[in-house]
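A look at the structure
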Amino acid sequence: MNWKGVMPAITTSFTEDLHIDHDFMARHCRWLLENGCAGIVALGSLGEGATLSFEEKLQVLRTCVAAVHDRAPVVASVSALTTSEAVAIAKAAADLGCDALMVLPPYVYKGNWREMKTHVAAVFEATPLSCMLYNNPVAYGTDFLPEQIRELAAEYGNFEAVKESSTDVRRISAIRALLDRHLEIFVGVDDAVLEAIGVGATGWIAGLANALPRESVDLFNFGMSGESGKAFDLYRWFLPLLRMDTTPDFVQLIKLVQAEVGIGNARVRPPRLELVDDELEQTRKTIRDTLRSRPQVVTSCVSPNGK
């Protein structure tokens, strides 16, 4: 598993009756790769994994694996209410041909370190697949500290990467100080990507890449290659949209950006609801104002909507 580059946490597209739009999702996966993304991460928070049944999760993974055809890795997010279900998802992902797992703490229950270690360790041990630990204390209330990450890394050989979404880039420095290059570190907060690269991140689990993959890949590459002027110019333009990844309604916002650029639709599954009234109009204004000054990107790739 090559844990490098920009890997979008893909949204789950829904039809008008809120069934999964597998045809669009397959096209979307291919389009993201054609625009420079290094892999696909399915069923994450942005993918509304908590609203999908076990069978629906497997269907999404089948769609992604079939669409990619070994061109790039498919990473299955593993999240569940119980450890037994998380293990079942991990084993099913391996059977379906996924290349790696992104392991989340259990939904709802915010346990102590002994309990959280037991949970993620059970998923690590369930398959031989390479694993990324997803640390997002803001969203999940569980914080995997750098010393705890070092403890896991010493015990599990297939634990190879961390998605660090604490919003504090000093965490990346702390993990790197303890483990050097033993683990790859991905930034999971869109509006901290350049800061994270500066302290050692080698990848980005990206949200806005669902709508703007080429700009996301260019931003990441400029940062990695030390082209600070180009990186900051693009970052400054991108920030009003990247900041949409950091709010409680980030799924609705990112899907709305997709709709505005003609890459999918804004539908979400309850309990989420689409934006309405003044909030919708203000968000659309922000998106459209930003897109009016969108950098010229040279690409011949057709959008997954066929445009």
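The preceding data block contains the structure.
Not measured: the values here are computed from a predicted model.

The rules behind the values
- Residues numbered from 1 in each chain as written.
- Predicted model: local features only at pLDDT ≥ 70, side-chain atom pairs only at ≥ 80, totals over all residues.
- Heavy atoms only, no water.
- Phe/Tyr/Trp six-rings, centres within 6.5 Å; stacked < 30°, edge-to-face > 60°.
- Helix = DSSP H or I, 4+ residues; strand = E, 2+ residues; numbered from the N terminus.
- Buried < 20%, exposed > 50% of the residue type's maximum accessible area, 1.4 Å probe, protein only.
- Lys NZ or Arg CZ within 6 Å of the ring centre and 35° of its normal.
- Salt bridge = Lys/Arg side-chain N within 4 Å of Asp/Glu carboxyl O.

Some words on the packing of aromatic side chains
Taken as a whole and judged by the stated rule, the model has 7 aromatic pairs. Measuring from ring centre to ring centre gives 6.4 Å for Trp113 and Phe144, while their planes differ by 80°; the resulting arrangement is edge-to-face. Here Trp113, found in helix H4 (residues 113–126), pairs with Phe144, found in the loop between helix H5 (137–140) and helix H6 (146–155); they are 31 residues apart in sequence, far enough to count as distant. When its relative accessible area of 22% is taken as the criterion, Trp113 is described as partly exposed. A centroid spacing of 5.9 Å and a plane angle of 80° characterise the contact between Tyr134 and Tyr140, whose relative ring orientation is edge-to-face. Sitting above the plane of the Tyr134 ring, Lys163 keeps its charged end 3.8 Å from the centroid.

Focus on the pattern of salt bridges
Summed over all chains, the structure comprises 17 salt bridges. The partner of Glu55 in a salt bridge is Arg62, and the shortest N-O contact between them spans 3.2 Å. The exposure class assigned to Glu55 is partly exposed, which follows from its relative accessible area of 38%. Asp233 serves as the salt-bridge partner of Arg236, at 2.9 Å between the closest nitrogen and oxygen. Of the two residues, Arg236 and Asp233 are both situated in helix H10 (residues 228–242); the distance of 3 residues between them amounts to about one turn of the helix.

These results come straight from atomic positions and should not be treated as a statement about function.
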